[in-house]
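Chains, contacts and geometry: an overview
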Amino acid sequence: MSHQEETLGQTQGLLEGLYLPYRTYQVKAGRDGQPMAFLLCDTMGVEHAEYGGVNTEDIYSILKGHIQDQYTFNPISPWKPSDSQAKCQLPLSERIHCVVMVMDTNKLKILPDAMWGKLRNIQRKVDSYDVPLLVLLTQVDKACPHVEKDIRDVYRSCFIKELIYKVSDRLGISVSQVLPVKNYSHEIALDENCDILLLTAMQQMLHFADNYFDDCNDGTE
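Residues numbered from 1 in each chain as written. Predicted model: local features only at pLDDT ≥ 70, side-chain atom pairs only at ≥ 80, totals over all residues. Heavy atoms only, no water.

Details of the overall build of the chain
We apply this condition: Per the convention used, a helix needs a DSSP run of H or I reaching at least four residues, while a strand needs a run of E reaching at least two, with both numbered from the N terminus. A 1.4 Å probe rolled over the protein chains alone gives each residue an accessible area, and that area as a share of the maximum for its type sets the label: buried under 20%, exposed over 50%, partly exposed in between. In this analysis, two residues are considered to be in contact whenever any of their non-hydrogen atoms come within 4.5 Å of each other. Per-residue accessibility takes into account occlusion by the displayed protein chains alone, with areas from the Shrake-Rupley method and a 1.4 Å probe.
Per the secondary structure count, the chain includes eight helices and five strands. Ordered by position from the N terminus, the helices and strands of the chain form the series α-β-β-α-α-β-α-β-α-α-α-β-α. Counting only residues that meet the buried cut, the chain has 43% of its 221 residues in that class. Of the contacts formed within the chain by residues at least 6 apart in sequence, a portion of 66% connects residues at least 24 apart. Accessible surface computed for the chain: about 12,600 Å², of which carbon and sulfur atoms make up 51%.

Printed below as a string of structure tokens:
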């Protein structure tokens with residue numbers, strides 16, 4: 001496992017509420033390969049407290065591409081653009097083309113309504129910009145003993161299916177926008193079945209981003 005994969009794994013706990021800086025990651029085609037034609041961006045988590053986690057008002061700034069790498073959000077005071085930034089729309093290439101919420105499958109049952117309300121509010125903001133949204137359900141192997149025995153049974157698990165439909169209903173999105181994945185945690189080698197889920201999710205992100213570009217080129221931009 002590469003250092004980049006470990007870093008992304010450590011920062012993908014969207015619901016853990018860590019006050020982390022906004023980060024952008026460039027992905028390479030192998031250790032010595034060329035940079036690929038996309039960036040992965042990671043923001044601080046969401047918390048159920050009113051002034052905890054990323055401020056939902058900052059979502060607009062993220063989508064518009066105004067937030068720079070290493071910027072640390074203030075949950076109480078959202079980022080404010082300058083007069084010139086407020087009047088200027090950045091080129092499409094500098095904006096966000098697909099939003100991904102990362103949710104711990106094991107915490108869905110105890111997620112308070114206030115948290116669901118925040119997430120739904122974020123979904124509405126994303127939708128208002130016509131930016132596609134996906135949800136990754138992580139640690140599915142820890143949530144279901146059958147999946148823990150064999151990750152290939154993830155789509156056969158009634159329990160995981162129930163959670164997928166719950167997230168779909170609570171956020172007002174399609175079931176096809178909720179994808180289960182298994183985290184790399186203690187493994188020291190890559191696992192093909194785990195990679196299939198992760199790469200499928202990555203492929204969906206890229207497809208959604210391509211659709212967004214197509215919509216913009218069709219005259220919505």
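Re the pairing of strand 4 (residues 133-138)
Note the cut-off: Two strands qualify as a pair provided that DSSP identifies no fewer than 2 bridges between them. Think of it like this: strands point away, you trace from the first strand over the helix to the second, and a clockwise trace means the crossover is right-handed.
Taken across its six residues, strand 4 has six buried, putting it largely inside the fold. Residues Leu133, Val135 and Leu137 of strand 4 are buried on one face, and the alternating residues Leu134, Leu136 and Thr138, pointing to the opposite face, are buried as well. Both strand 3 (residues 99-104) and strand 4 contribute to a ladder of six bridges, which runs parallel. Within the sheet, the bridge partner assigned to methionine 103 lies in strand 4 and is leucine 137. Note on the crossover from strand 3 through helix 4 (residues 113-128) to strand 4: the handedness is right-handed. As judged from the three bridges shared by strand 4 and strand 5 (residues 178-180), these two strands associate in the parallel manner. The residue bridging leucine 137 from the neighbouring strand is proline 180, located in strand 5.

So, the sheet that holds strand 3
Two pairing modes exist for strands in a sheet, parallel and antiparallel, and in both the strands are linked by backbone hydrogen bonds. As a reminder, the rule being used: In this analysis an axis means a line fitted to C-alpha atoms, helices contributing only their contacting stretch, and an angle means the value between N-to-C directions, from 0 to 180 degrees.
Sheet architecture is open: three strands sit in the order 3-4-5, paired in parallel fashion. Since the sheet does not close on itself, it has two edges, and those belong to strand 3 and strand 5, each with one partner. Within this sheet the neighbouring strands show an average axis-to-axis angle of 25 degrees, counted without direction.

A word on the side chain of aspartate 195
The following threshold applies: Only four residue types enter the tally: Lys and Arg on the positive side, Asp and Glu on the negative side; His and the chain ends are excluded. By salt bridge we mean one thing: a side-chain nitrogen of Lys or Arg within 4 Å of a carboxyl oxygen of Asp or Glu.
Structurally, aspartate 195 can be placed in helix 8 (residues 192-220). Notably, aspartate 195 is buried but unbridged: the nearest opposite-charge side chain belongs to lysine 182, and the N-O separation is 9.0 Å. In contact with aspartate 195, not counting residues within four places along its chain, are Tyr184, Leu190 and Thr200.

A closer look at helix 4
Formally: Take the number of residues in a helix, subtract one, and multiply by 1.5 Å to get its expected span.
Given a rise of 1.5 Å per residue, 16 residues ought to cover 22 Å, and the 22 Å separating the end C-alpha atoms of helix 4 matches this to within 8%. Among the residues of helix 4, Met115, Trp116, Lys118, Leu119, Ile122, Gln123, Lys125 and Val126 are the ones counted as buried. Packing partners of the buried residues in helix 4 comprise helix 2 (58-64), strand 3, strand 4 and helix 7 (158-171). Once helix 4 ends, the next one or two residues include aspartate 130, with phi positive near 60 degrees.

As for a negative patch on the surface
The line we're drawing: Exposure above 30% relative accessible area and no salt bridge define the residues that can form patches, which grow by joining like charges within 9 Å and nonpolar side chains of Val, Leu, Ile, Met, Phe, Trp and Tyr within 5 Å. For this purpose, a charge sits on NZ of Lys, CZ of Arg, CG of Asp or CD of Glu.
Residues Asp127, Asp130, Asp210, Asp214 and Asp215 make up a contiguous surface patch of negative charge. Ranked by residues supplied to the negative patch, first place goes to helix 8 with three residues. Along the chain, aspartate 214 falls in helix 8.

Points about the packing of helix 4 against helix 7
Each pair of packed helices can be described by the angle between their axes along with the distance between the axes. What counts here: Note on terminology: angles under 35 degrees are roughly parallel, angles over 145 are roughly antiparallel, angles of 65 to 115 are roughly perpendicular, and the others are oblique. Under the scheme applied here, ten amino acids are nonpolar (Ala, Val, Leu, Ile, Met, Phe, Trp, Tyr, Cys and Pro), four are charged (Asp, Glu, Lys and Arg), and all others, including Gly, are polar.
Where helix 4 contacts helix 7, the axes come no closer than 9 Å and their chain directions differ by 65 degrees. Classed by the angle they form, the pair helix 4 and helix 7 counts as roughly perpendicular. Residue-level inspection shows Asp113, Trp116, Leu119, Arg120 and Gln123 of helix 4 in contact with helix 7, the latter providing Lys166, Val167, Arg170 and Leu171. Counted by class, the contact of helix 4 with helix 7 contains four nonpolar, one polar and four charged residues.

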